[in-house]
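# Residue-level structure breakdown
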Amino acid sequence: TSRAVEKVMSWLERGDSVGEDAGDSLDQPLEELDLVQHQLVDFKPTVDVDGPLKSVKIASSDPVKDIKSVLAEEEECTLPTLAWQQVEKEEYILPTLAWQQVEEDQHGEFQFMVSHILSPEEMYLHPVSEMSGQLAQLEVEMGRIAGYEKLARVEEVMVGSVWAVLQEMWYRVRVNAVSHGQVELQSIDYGHYLHVDHHDHHLHRLPPGLASTLPGLAVKCHLSRVRPVQDKGWGKLALQMITSCLEGVDQHTALAVERSD
């Protein structure tokens, strides 16, 4: 019996070899398998099957196993068929965000705080409104998750697209111009301008949440019916005067009028 077992085990170990007489060599091991099965009448392994052909446990320390059942199980098993699926390239839809609109009272007035002043002809305000009150929450969300968003591809950086950029803090910026390898950006929440290299821009996609849905909070305004004395534009003195009057944390009242050139 032990010799028959040794032959069977030796036959199994060299099962990977292939020869011309492979078909003839199968008859002798199968006869010896019958001999082993006949002489091991008292050997009763317990089988725990969790579904068809899923797991088989042999409750015995005897190295001899029911080889026929193992072979039968292997014959019934088929290799799974793998289907390759083409992964579609993720398409990023560029967000288009509007600007906040001023809500005037019945007299055409509104309350505001100054955000950024370039000249009396170009100022950016934060109207006192529920929407402007979300600026603090927006800054928190941007600071927490904007850095984890993917960088913009060079071909995506086009005029009108909106991105997030880190300049001491995270800003939402709109692309105003792309020229000579430079990109002109403008903060849609504060109004100031930035310039970055087109191929090394560090512009990130807007994170989900307020950053992707909240309109730009900075509202562009100018002083009505005021013109510079000189044709070359506003001087430093005019900028200093208007800045000293309007900048700060104080609220101011403005009257909205139609622009007449």
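In what follows, the accompanying structure is described. In this text, all values refer to a predicted model and were calculated from it rather than measured experimentally.

### What about unusual backbone geometry?
Unusually for a residue other than glycine, Glu168 sits at a positive phi of about 70°. Topologically, Glu168 is positioned in the loop between strand S3 (162–167) and strand S4 (169–179). Of note, Arg225 is a non-glycine position whose phi angle comes to about 60°, a positive value. Along the chain, Arg225 falls in the loop between strand S7 (219–221) and helix H6 (236–246).

### Re the packing of aromatic side chains
All told, the structure shown has two aromatic pairs when counted by the stated rule. Taken together, a centroid distance of 5.9 Å and an interplanar angle of 50° make the contact between Phe110 and Phe112 tilted. An identical accessibility class is assigned to Phe110 and Phe112; each is buried. Taking 5.6 Å as the distance between ring centres and 90° as the angle between the ring planes, the aromatic pair formed by Tyr171 and Tyr190 counts as edge-to-face. One end of the pair, Tyr171, is in strand S4; the other, Tyr190, is in the loop between strand S5 (182–187) and strand S6 (193–197), and 19 residues separate them in sequence.

### Here we look at the sheet that holds S3
Reading across the sheet, the four strands line up as S3-S4-S5-S6 and stay open at both edges, with antiparallel pairing between neighbours. Because the sheet does not close on itself, it has two edges, and the strands there are S3 and S6. Neighbouring strand axes in the sheet, compared pairwise and without regard to direction, differ in orientation by 45° on average.

### A word on the nonpolar core
Among the nonpolar cores identified, the biggest contains 28 residues, and Leu138, Met142, Trp163, Val173, Leu185 and Leu203 are the most heavily contacted of them. For this core, the secondary structure elements donating two or more residues are helix H4 (135–145), S3, S4, S5, S6 and helix H5 (210–213). Discounting residues that sit within four places of it in the chain, Leu203 has contacts with Lys150, Leu151, Ala152, Val157, Trp163, Ala164, Val165, Val173 and Leu185.

### Observations concerning H4
Here H4 has its buried residues at Leu135, Leu138, Glu141 and Met142. Projected down its long axis, H4 shows its buried positions confined to an angular sector of 125°, all on one face. Relative to its buried face, H4 has exposed residues pointing more than 90 degrees away, namely Val140 and Gly143. On its buried side, H4 packs onto strand S2 (122–127), S3, S4 and H5.

### What to know about the environment of Phe110
Among the secondary structure elements, Phe110 is positioned in strand S1 (residues 109–119). Through-space distance from the C-alpha of Phe110 to that of Pro127 is 7.1 Å; in sequence the pair is 17 residues apart. Residues contacting Phe110, with those up to four places away along its chain left out, are Val102, Glu103, Glu104, Leu125, His252, Thr253, Ala254 and Ala256.

### Examining the pairing of S5
Both faces of the sheet carry side chains from a regular strand, because those side chains alternate between them. Relative to S5, S4 is paired through six bridges, and the arrangement is antiparallel. Among the inter-strand pairings, Ser179 is bridged to a residue of S5, identified as Gln182. Pairing of S5 with S6, which is carried by five bridges, proceeds in the antiparallel orientation. Counted as the bridge partner of Leu185 is Leu194 from S6. Where S5 hands over to S6, the hairpin turn is made up of five residues, of which Gly191 adopts a positive phi near 105°.

### Regarding H6
Within the span of H6, buried status applies to Ile242, Thr243 and Leu246. Viewed along the axis of H6, the buried residues span an arc of 105°, placing them on a single side of the element. For H6, the exposed residues lying more than 90 degrees away from the buried face are Lys236, Leu237, Gln240, Met241, Ser244 and Cys245.

### Some details on the sheet that holds S2
Pairing in this open sheet of four strands is antiparallel, and the strands run S7-S2-S1-S8 from one edge to the other. For this open sheet the edge positions go to S7 and strand S8 (252–255), each flanked by a neighbour on one side alone. Averaged over all neighbouring strand pairs, the angle between strand axes comes to 55°, with direction disregarded. Where S1 lies against S2, six bridges are found, and the strand directions are antiparallel. Looking at S2, one finds that Ile117 is bridged to Met123. Packing of H6 onto the sheet brings it into contact with S1, S2 and S8, and relative to S1 it is tilted by some 145°.

Reading the values: rules and limits
Residues numbered from 1 in each chain as written. Predicted model: local features only at pLDDT ≥ 70, side-chain atom pairs only at ≥ 80, totals over all residues. Heavy atoms only, no water. Helix = DSSP H or I, 4+ residues; strand = E, 2+ residues; numbered from the N terminus. Phe/Tyr/Trp six-rings, centres within 6.5 Å; stacked < 30°, edge-to-face > 60°. Buried < 20%, exposed > 50% of the residue type's maximum accessible area, 1.4 Å probe, protein only. Pairing = 2+ DSSP bridges. Axes fitted to C-alpha atoms, helices over the stretch in contact; angles between N-to-C directions. Core = buried A, V, L, I, M, F, W, Y, C linked by side-chain atoms within 4.5 Å. Contact = heavy atoms within 4.5 Å. Arc of directions from axis to C-beta.

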